[in-house]
Amino acid sequence: MKRRPLWPLYGGIALISAAVLLFELDLTRLFAVAEWYHFAFLSISIALLGYASSGSFLSLLSPRWRELAWRRAALAFGPCIVGAYTILNLVPFDSYQLAWSPRQMIYLAIYYLGLVVPFLLGSWVLAHWLTHLPKRSHTLYGANLLGSAAGALGLLLTLPLFGGEGTVFVSAFLAAAGGTLLFLYASQGGKSLAQISLGLAFGGLCLYLAFHPPAWATLRLSPYKSLSQALRPAGARLVYQRWNAFSRVDVVESPLIHSAPGLSLLYRGDLPPQLGLTIDGNNLSPISRRQDPSDTGFLHYLPSAIPFILRPNAQALIIYPRGGTEAALALELGASKLLLIEDNPLIVRILESYSSFTGGLYQDPRVRIITDDGRSALQRLGGSYDLIIFSLSESFHPLASGTYSLSENYLYTVEALVAAIERLKPAGILAITRWLQDPPSESLRAWTLALASLESLGLADPSENLLAFRSWATMTILLSPTNFSDADIAAFRQACQERGFDLVYYPGISPKEVNRHNVLPEPIYYNAFQKLLHPRGRLAFLHTWLYDITPPTDDRPFFGHYFRSRQVPLILTQLGRTWRPFGGSGFLVVIALFFLAICSSALFILLPLVPTRGQLRTLPHCGLILTYFAALGMGFLGVELALMQQFILYLGQPAISFVIVVAVLLLFSGLGSMFSQKISLQWALGLLILVIAGYPTLLRGLFAHTLQLSLSFRLALSLAALAPLGLLLGIPFAGGIANLKGSSLRAIPWVWAVNGSTSVVGSLAATIIALSWGYRIVLWAAAGCYALAWIASRPWTLRRKDKLNAGQ
């Protein structure tokens, strides 16, 4: 009897897997644009929940129904990808109304369950073939991981070519192509001809729609995002929109755009006409006209003018100038040389294309532009500067609630500020401007960050190296590696007085000098800054303050995470009374999802045990097998999420970090899976535990010594650092499946469900641990999970090995 070729089987598995990962990662970008960046974790938990439920339901079916079910799932997978995106786009879910509108709970349920379905169907197909061909489980699992890696890398190509919306149709095309190949492999006597025809027809339609997205597929943005607000007035119009691999950039023309953060209330002129530039639909940055002398008058009254007054004719470095306001200010106030670090090439292209509108801002001979991540540039650049400006590139958000705490920021860590200070001339100044919050949080964290950075450079008393002032909306902190002179302080006081800025701190400041212009009921910022100035008082203040304002580090880079347990009563009191996403509950939402994930995971794990009592519950070492695959699920996601976040520092962009880390880990995990039967499971687990435990030290050294290299070199080093770990990560699951082959076919979809269920829990647990204690602890916890798996595996894997030896 002629053997069927295997390439349609492995090709189909790989394409289905690629479709799942491509859609999952595309969802992270769609959520970032349509809602908020921190919603990205939702797509990961949705995908993992789909994996878990597929294995659970598959365990309940007889072989006859499994055959029918996988065919239906393969046919429906592609259409459900499109349907899920349609739900995302059309259901009017509003996180701001969730706390008081019961209807929003229904919308959220539709939102969540609708997005789970395609992942349920895709993983159903994968789980079926793992169960149906147990002798090929290790190679099928390898094809699954290799296809997933290809899907992850594909995002870097599809987003610039097709945008976020078009990538949805590319995902559906891959799903249809994968299903068609599997139908081709399974066909007998033309039985699958109709299904192959349907797959080809739908795949062709999706490919056409990827190149020609219909109007109904245009992504709908939250009405609270900056872009939505800018487009509301009559006469507003979108004049530019483009996707790249890690962002969507828009430019809007509107008569009501008037943006100048922190502008002095003493300025009596008009702002020039402005365009609005947004990244992922948010953080509107103005592109101001610069054609007439009157267009630049307002620049003298911005907070960023003060450092240029203190250091005239400066050689300046500005990080993330976005729409160019700080760059125009620097040139207006006489900077001799200006280096701009912009991490998004689309923004540079936009500013260059609006040369006539901006008065040739980026064509000025004093200006040099580098497209790079700000943190990498700080360590890679040579020379020294009179001024380094951390531009206020983010819109105001009520950060105190913790609602935006999932966003990491490696520019505002102790290590980043140390790198910036080391790029200053001896009398140079680093300027940081942040928003004022009520109660104070963001500005206080910036102050503790400045203090910790100076102290880490060996300054026992940094009080002589700091200045601070506030406008009606912003706080600006100036720090220098050497003491500010009397002349500096006199010039600082005069410049603030002339612009109506309130003094907050300078060496020798008197309480009578504060809170004069933008008057508050009490000088709360002055009082807090004084208490935080010296280590002893700082520790007491940090302990008693309502919010966590400890300085962020590279291991815990969450500048916007202020949650402390003592906030809970206040949050519950304000629930439903504040106009914030999820009612202002912030970090508590993640904790609530964690407990919901535990409940849903228990359901999907225990459900197959009820009707299969004689087959699963009597399985030898059932409890140990459950523990083993549960530990693998939590451990793998802990490693993956920790590395995805930490490599943002190294690779510069969250989207690129996610794609590279996921792709490399899955690619080499797939190779590890394929060779798993030739490697001792016990030795592989033992080595994996040691490698994961040592990764925090390895990464700290790698990043410290190579962050200054070009992106291409950093990508190559990332591959070298992640590949060995990926190989080891691919062995335990495939090795565990191999040890189940002789026990029960039903056990394979069940352990698939166990692994997927605990992965949901692991993803949320890793997030909570990272926010609370840092990524180092996440990796150590993941190593602990693999240690538990190693302990749980010994009795039943060694038992099987003994049986095989006895059989020989």
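Everything numeric in this text was worked out from a predicted model, so none of it was measured. (Residues numbered from 1 in each chain as written. Predicted model: local features only at pLDDT ≥ 70, side-chain atom pairs only at ≥ 80, totals over all residues. Heavy atoms only, no water.)

**Some details on empty space enclosed by the protein**
Within this structure, the stated rule accounts for seven cavities of 30 Å³ or more. By volume, the second largest cavity is sized at about 520 Å³. Lining the second largest cavity are 27 residues; nearest its centre among them are Leu48, Tyr51, Phe636, Leu637 and Leu666. Listing elements by their share of the lining of the second largest cavity, those giving two or more residues are α1 (7-34), α2 (40-59), α5 (137-186), α20 (622-651), α21 (654-674), α23 (711-740) and α24 (747-773). Per-element tally for the lining of the second largest cavity: the top contributor is α20, with six residues. In terms of residue class, the lining of the second largest cavity is made up of 19 nonpolar, six polar and two charged. (1 Å grid on protein atoms, 1.4 Å probe; cavity = no way out; pocket = protein on both sides within 12 Å on 5 of 7 lines; lining within 4 Å. Points joined across faces, edges and corners; volume = space filled by probe spheres on them. Helix = DSSP H or I, 4+ residues; strand = E, 2+ residues; numbered from the N terminus. Nonpolar A, V, L, I, M, F, W, Y, C, P; charged D, E, K, R; others polar.)

**What about the side chain of Ser264?**
By secondary structure assignment, the location of Ser264 is in the loop between β2 (248-253) and β3 (274-279). Ser264 sits in the buried class, given a relative accessible area of 4%. When sequence neighbours within four positions are dropped, the list of residues in contact with Ser264 reads Tyr301, Arg499, Gly500 and Phe501. (Buried < 20%, exposed > 50% of the residue type's maximum accessible area, 1.4 Å probe, protein only. Contact = heavy atoms within 4.5 Å.)

**Focus on the sheet that holds strand β4 (residues 282-288)**
As summarised here, the arrangement of the four strands in space is β1-β2-β3-β4, forming an open sheet in which the pairing is antiparallel. The sheet terminates laterally at β1 (237-243) and β4, the two strands that pair on one side only. Ignoring strand direction, the axes of neighbouring strands in this sheet form an average angle of 20 degrees. Alignment of β1 against β2, held across six bridges, turns out to be antiparallel. Its bridge partner being in β2, Arg242 is matched across the sheet by Val249. Across the sheet, helix α10 (residues 345-353) lies against β1, β2, β3 and β4, angled at about 140 degrees from β1, the strand it touches most. (Pairing = 2+ DSSP bridges. Axes fitted to C-alpha atoms, helices over the stretch in contact; angles between N-to-C directions.)

**Some thoughts on the packing of aromatic side chains**
One pass over the structure, following the stated rule, counts 25 aromatic pairs. Ring geometry for Tyr650 versus Phe703: centroids 4.7 Å apart, planes at 20 degrees, classification stacked. Linking Tyr650 in helix α20 with Phe703 in helix α22 (residues 681-706), this pair joins segments that are 53 residues apart in sequence. Ring-pair connections join several aromatic residues into one group, and the members of that group are Tyr141, Tyr628, Phe629, Phe733 and Trp752. The ring of Tyr320 is capped by Arg322, whose NZ or CZ atom sits 4.8 Å from the centre of that ring. Above the face of the Tyr562 ring, Arg445 is positioned so that its terminal group lies 4.8 Å from the ring centre. (Phe/Tyr/Trp six-rings, centres within 6.5 Å; stacked < 30°, edge-to-face > 60°. Lys NZ or Arg CZ within 6 Å of the ring centre and 35° of its normal.)

**Some details on the sheet that holds strand β11 (residues 474-479)**
Taken together, the eight strands give an open sheet; going across it, the order is β7-β6-β5-β8-β9-β11-β10-β12, and neighbouring strands pair in mixed fashion. Each edge of the open sheet is held by one strand with a lone partner, namely β7 (367-371) and β12 (502-505). Adjacent strand axes in the sheet meet at a mean angle of 20 degrees when their direction is disregarded. With five bridges joining them, strand β10 (residues 466-470) and β11 adopt antiparallel strand pairing. Looking at β11, one finds that Ala468 is bridged to Ile477. Across the sheet, helix α9 (residues 325-332) touches β5 (315-319), β6 (337-342), β7 and β8 (385-390), and the angle it forms with β6 is around 175 degrees.

**Here's the deal with the pattern of salt bridges**
Applying the stated rule across the entire model yields 21 salt bridges. Close ionic contact of Arg714 with Asp372 constitutes a salt bridge, the shortest N to O distance being 3.7 Å. On the criterion of sequence distance, the pair formed by Arg714 in helix α23 and Asp372 in the loop between β7 and α11 (374-380) is long-range, its members being 342 residues apart. Here Arg434 makes a salt bridge to Glu442, at a shortest N to O gap of 2.8 Å. For the pair Arg434 and Glu442, one class covers both residues: buried. Via salt bridges that share partners, Arg322, Glu342 and Asp343 belong to a single interconnected network. (Salt bridge = Lys/Arg side-chain N within 4 Å of Asp/Glu carboxyl O.)

Nothing here speaks to function; it is geometry throughout.
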